[in-house]
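Take a look at the letters that make up each chain.
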Amino acid sequence: MNIENTSSQMRKGILEFCILSIIKQEEAYPSDIIEKMKTANLHIFEGTLYPLLTRLKNAEMLTYRWVESNSGPPRKYFSLTEKGAGFYKELESTWNELNNAVKMVIKQQ
Amino acid sequence: MKQVININYHGRIIPIEVTAFELLKRYTESLQKHFTDEEGKDEIINDIENRISELLQETINKGAVCITDDNLNTVIKSMGRPEDFDEVFTAKENSQTDKKENNITAPNKRLFRSENEKLIGGVCGGLANYFGIDVVLVRIIFIILAFSFGVGLIPYLILWIATPSSAVKEIGGVRKKLYRDGENKIAGGVCSGIANYFGINPWIPRAVFILASLSIVFNGNGYHHQIEMFSPGALFIYIICWLVIPEAKTTSEKLQMKGEKVDMNSIKKNIADELKGVQEKVQQAGAETTQLVTKKSTSFFREGIDFVKKIISGAVKIIVFVIKAFVYTVLAIIGIALIISLFSLSFAALAVFPMRTFLISDGWQNVFAWGILLFFILAPVIGIITWIIRKIAGVKGSNKFVTLSFWSLFIIGIMSVIGFVFTMSADFKSTNIKTEEQVLLTNPAVNKLIITYPNEMDTKDDVGFIFSAFMNSYGDDTAYIDNVSIKFRKSPNDSFKVMLSKMSNGKNRQEANAAAAQIQFNIIQKDSLLILDKGIRITRKNKFRNQRLLMTVYVPVGKEVSINNTFELSNDDIFTSQFPKVHEKSEDESTSGKVYMMQQDGLHELIINKE
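Counting starts from 1 at the beginning of each chain's written sequence and moves along it residue by residue. Written order decides the labels, with chains lettered from A and ligands numbered from 1. Totals for whole chains, interfaces and linings use all residues, but because this is a predicted model, local features are given only for residues with pLDDT of at least 70 and pairs of side-chain atoms are given and counted only at 80 or more. As a rule here, side-chain values come from all non-hydrogen atoms in the structure, and water together with hydrogens is ignored.

A. Broad picture of the overall build of chain B. By definition, any uninterrupted DSSP run of H or I lasting at least four residues is a helix, any uninterrupted run of E lasting at least two residues is a strand, and each is numbered from the N terminus. Counting secondary structure elements, chain B contains 18 helices and 19 strands. The 611 residues of chain B split such that 37% are buried. The contact definition used throughout considers only heavy atoms, calling two residues in contact when any of these lie within 4.5 Å. Considering only contacts in chain B between residues 6 or more positions apart, those separated by 24 or more positions represent 68%. Split by element, the accessible area of chain B, about 36200 Å² in all, is 62% carbon and sulfur. For every residue, the accessible area obtained with a 1.4 Å probe (protein chains only) is divided by the maximum for its type, and the residue is called buried under 20%, exposed over 50%, and partly exposed between those limits. We get accessible surface area from the Shrake-Rupley algorithm with a probe of 1.4 Å; when it comes to residues, only the shown protein chains can shield them.

B. Inspection of the overall build of chain A at higher detail. Scanning chain A from N- to C-terminus turns up 4 helices and 2 strands. Taken from the N to the C terminus, the helices and strands of chain A come in the order α-α-α-β-β-α. Looking at the 109 residues of chain A, the share that counts as buried comes to 39%. Taking the intrachain contacts of chain A between residues at least 6 apart in sequence as the baseline, contacts between residues at least 24 apart amount to 45%. Carbon and sulfur atoms form 55% of the exposed surface of chain A, whose accessible area is close to 6200 Å².

C. Seen up close, the nonpolar core. All names here are of chain B. The set of buried Ala, Val, Leu, Ile, Met, Phe, Trp, Tyr and Cys residues whose side-chain atoms join them within 4.5 Å is what this entry labels a nonpolar core. Counting 43 residues, the largest nonpolar core has Ile 451, Phe 488, Leu 530, Met 551 and Val 553 as its most contacted members. A per-element tally of this core places helix α16 (residues 364-393) first, with 5 residues. Two domains each put at least three residues into this core: domain 4 (359-427) and domain 5 (430-606). Once residues lying within four places of it in the same chain are set aside, the contact partners of Val 553 are Leu 449, Ile 451, Ile 486, Lys 487, Phe 488, Arg 489, Phe 496, Lys 497 and Val 498. In terms of nonpolar packing, the next biggest core, distinct from the first, is built from 23 residues, Ile 16, Ile 44, Leu 56 and Met 79 among them. Where each domain starts and ends comes from a domain assignment, either automatic or drawn from a database.

D. Summary view of the pattern of salt bridges. Residue and element names in this part refer to chain B. By definition, a salt bridge exists where a carboxyl oxygen of Asp or Glu is found within 4 Å of a side-chain nitrogen of Lys or Arg. Per the counting criterion, the structure on display carries 12 salt bridges over all chains. Asp 427 is paired through a salt bridge with Arg 545; the nearest N and O atoms lie 3.3 Å apart. Here Asp 427, found in helix α17 (residues 400-427), pairs with Arg 545, found in the loop between β15 (536-539) and β16 (548-555); they are 118 residues apart in sequence, far enough to count as distant. A residue is classified by how much of its surface remains accessible, and Asp 427, at 3% relative accessible area, is buried.

E. Broad picture of the sheet that holds strand β11 (residues 497-503) of chain B. All names here are of chain B. Two strands are said to pair when DSSP picks up at least two bridges between them. Strand order in the open sheet formed by 4 strands is β6-β11-β16-β10, and the pairing between neighbours is mixed. Edge positions in the sheet fall to β6 (435-439) and β10 (484-490), since each has one partner strand and no second. Adjacent strand axes in the sheet meet at a mean angle of 25 degrees when their direction is disregarded. Both β6 and β11 contribute to a ladder of 5 bridges, which runs antiparallel. Axis angles are defined between N-to-C directions and span 0 to 180 degrees, where every axis is a line fitted to C-alpha atoms and, for a helix, only to the segment in contact.

F. Structural detail: the confidence of the model for chain A. The quantity called pLDDT is the predictor's confidence in a given residue, expressed from 0 to 100. Of all residues in chain A, 91% attain a pLDDT of 70 or more, and the chain-wide mean is 83. Considering each helix and strand of chain A separately, the mean pLDDT is smallest for helix α1 (residues 3-25) of chain A, with a value of 79, and largest for helix α4 (residues 82-108) of chain A, with 87.

Now the structure itself:
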C-alpha cells in the first residue's frame with residue numbers, strides 16, 4: 001500500500017472544502033487562496049486551483065467579478081453564491097461529523 | 001549569448017529569452033492537452049496563463065532584465081505541471097525542497113513586515129517569520145518592553161518605518177502611496193489616509209492628532225490642573241498635510257492608497273464619469289466649431305474668455321479651500337473649547353457638590369441636586385465622550401436605545417434644574433427688614449483708617465479654581481462667603497464711625513430676619529487698622545440665603561481712609577455690584593491700596609508720589 005497516495009487522497013477530499021471556506025470568509029483572488037493555504041501548511045500547485053475554481057464556478061457554487069489591478073489587467077475575485085454557501089454548510093457538517101467520528105475512533109484505540 | 005524577444009502575454013509586455021519562450025509554449029501545450037476534456041478548458045488555461053504573465057511581470061519588476069529559463073521554471077514550478085495536478089497537494093518533501101531552493105536562490109533572507117500576521121504594523125509578525133519563532137512570543141516581548149518605560153516602542157516604530165511591508169514582496173502585492181482619503185474623512189481625510197497607508201484603524205492617527213493638539217498642564221498642586229487650551233502645532237501639521245498630500249481621486253489612486261483593489265462598480269462609475277466628461281467636451285467642441293464657422297473672429301475672443309474663466313475658477317478654488325481650512329480650524333477650536341469647558345464644569349460640579357448642604361434644605365432639593373449632578377452634568381459628559389469615541393472610531397449607525405436613554409436622562413436632568421431653581425427661588429423670595437447697628441471702635445479719633453482683611457484666606461481650605469470668587473474657604477461645617485460691600489460717607493463730627501447692616505433672603509420675612517440676625521461678623525480696630533472678619537460664616541444649619549453685609553464708614557473731613565489688601569475680591573467682587581448707589585467711587589477701579597481723603601465735597605483720591 002502506498003502511504004503517500006493514501007494521505008494524498010485524504011487531502012484531496014478536503015481541498016474543495018478548504019477553498020470554499022477561504023472564499024466564504026472573504027472574496028478572494030486565487031493567489032490569496034494559495035497564500036492562505038500555505039500559511040495553514042497546505043501547499044498546492046496553483047495549476048490545481050484554477051481548474052477547481054472553474055469547475056466550482058460552472059457548478060454555480062462560485063461567482064466572480066473583475067477587479068482592477070495596479071499591476072496589469074483586472075483580476076478575478078471569487079465569492080460564494082447562495083448555492084455555494086449551502087454546499088459549504090453541508091460540507092462543514094459532514095466534516096464535523098467525520099472529524100468527531102475519527103477522533104472517537106482514534107481515542108478508542 | 002541568448003536572444004531576447006518581447007512578447008505580449010495577456011496584456012503585459014514581457015521580455016523573454018527565446019529558449020524560455022519555447023519552454024513556455026511547451027508548458028501551455030501540455031496544459032492544453034491535460035484539460036482537453038475539461039468543460040471550461042479555455043477559461044482555465046486563460047486563467048493560468050494570466051497568472052503566469054502576472055508572475056513574470058513580477059519577476060521583471062523585481063529587477064530581472066528579462067525572463068530566463070530559470071525564471072520561467074520557478075514560475076512553472078509554483079503553478080505545477082499537469083502531471084502534478086492529480087496530486088492535489090504538493091507533498092511535504094516537496095515543500096521542503098522548495099524552501100531549500102528558495103534559500104539558494106535568495107540567500108539574503110530579508111526582514112519584511114508581515115501583512116498576514118499583523119495587529120498594528122506587522123513588525124512582530126515579520127520578526128517572528130525572520131527568526132522562525134511564534135508571533136505571540138515576539139508580541140509579548142514587545143509589550144513587556146513597551147511597558148518598561150516605553151523601551152519597546154521606539155524600536156517598534158523604527159522597524160515599522162524602516163522595514164518594507166511584505167505586500168511589496170508578495171506576488172501581486174501593491175505598493176502603497178500616501179493619499180488623503182476623501183471617502184472616509186472627518187475633516188480633510190488626512191488621518192484616514194495615513195491609516196490606510198499604514199494599514200491601521202483611522203482612529204489611531206486621529207487620536208494622536210487630537211491628543212497632540214491638547215496640551216494638558218498639571219500643576220503639582222492637585223487642584224490646579226489647567227488645560228492650556230490647545231497647541232496649534234498639531235493642527236498646523238494637519239493643515240500642512242492637508243495641503244501637501246494629494247487626495248485619492250482616481251480609482252488607481254484609491255488602489256494605491258489602500259494597497260488594495262477597488263471593485264468593478266467604482267471602475268464602472270469612474271469610466272461613466274469620464275465618458276460624461278468626454279461627452280460634454282464633444283458637445284462643447286461641436287458648439288465651438290459651429291461658432292468658428294459662423295464667426296471666426298469671436299473664437300479668439302472666446303478662447304481668451306475661457307482662459308480668464310480658468311484662472312478665475314482656479315482662484316476661486318484656492319479661496320474656497322482657504323476658507324474651508326479656516327472654518328474647520330475655527331470649528332475645531334470652538335469644539336475643543338466647548339468640550340473642555342464642559343469637562344471643567346463637570347469637575348467643578350463634582351467639587352462643589354459636597355458643599356450643597358450649605359445651601360439646600362433637605363428633601364426635594366437634595367433630590368434635585370443629585371438629579372442635576374447625575375443627569376444634567378454627568379450624563380451629557382458621558383454621552384459626548386461616547387459620541388466622540390464612536391465618531392473617531394468610525395462606528396456607523398447609532399444604537400437607538402442608548403441615544404434615547406441618554407436623552408431621557410438629560411430631560412430628567414433639565415427637570416431637576418427647573419425643580420431646583422423653583423424651590424431655591426422660593427427659599428430666596430423674601431428679604432429681611434433692614435437694621436443697622438453701630439460697630440464699636442476702640443479709638444474712633446485716629447487720623448487714618450486702613451481697612452484690611454486677614455491674610456489667612458488664601459492659604460488653607462482653598463478649594464481652588466472657581467470657588468474663590470464665591471466662597472473664601474470652607475471646612476467641614478463652616479463656609480465663609482465674601483459678600484461684603486463698603487461705602488464711605490462724610491462723618492458729621494471728627495471721629496470715625498462704622499455702621500453695619502446685615503441683610504439676607506429667606507422663604508419669608510421671618511426666616512430672612514432670622515438669617516440676617518444670625519450673621520456674625522467681627523470688626524476689630526487696632527490703632528489705624530480696621531480688621532474685618534474673613535467672611536460671613538455659613539454653617540450647614542445656617543444655610544446660604546444670600547447673606548450680605550453693607551458696611552458704611554463715616555469719615556471725618558480731612559481724614560484719610562484706604563482699603564489695604566492683597567486679596568483682590570475684598571473691594572471689588574461680584575456681590576458689591578448689588579449696591580451700585582452706595583459707592584462713592586466708580587467700581588471699575590480697584591480701590592485696593594489707594595488712599596482717599598474726605599473733603600467737604602466728598603471723597604478724593606490722594607495721589608501719592610512714589611519714591
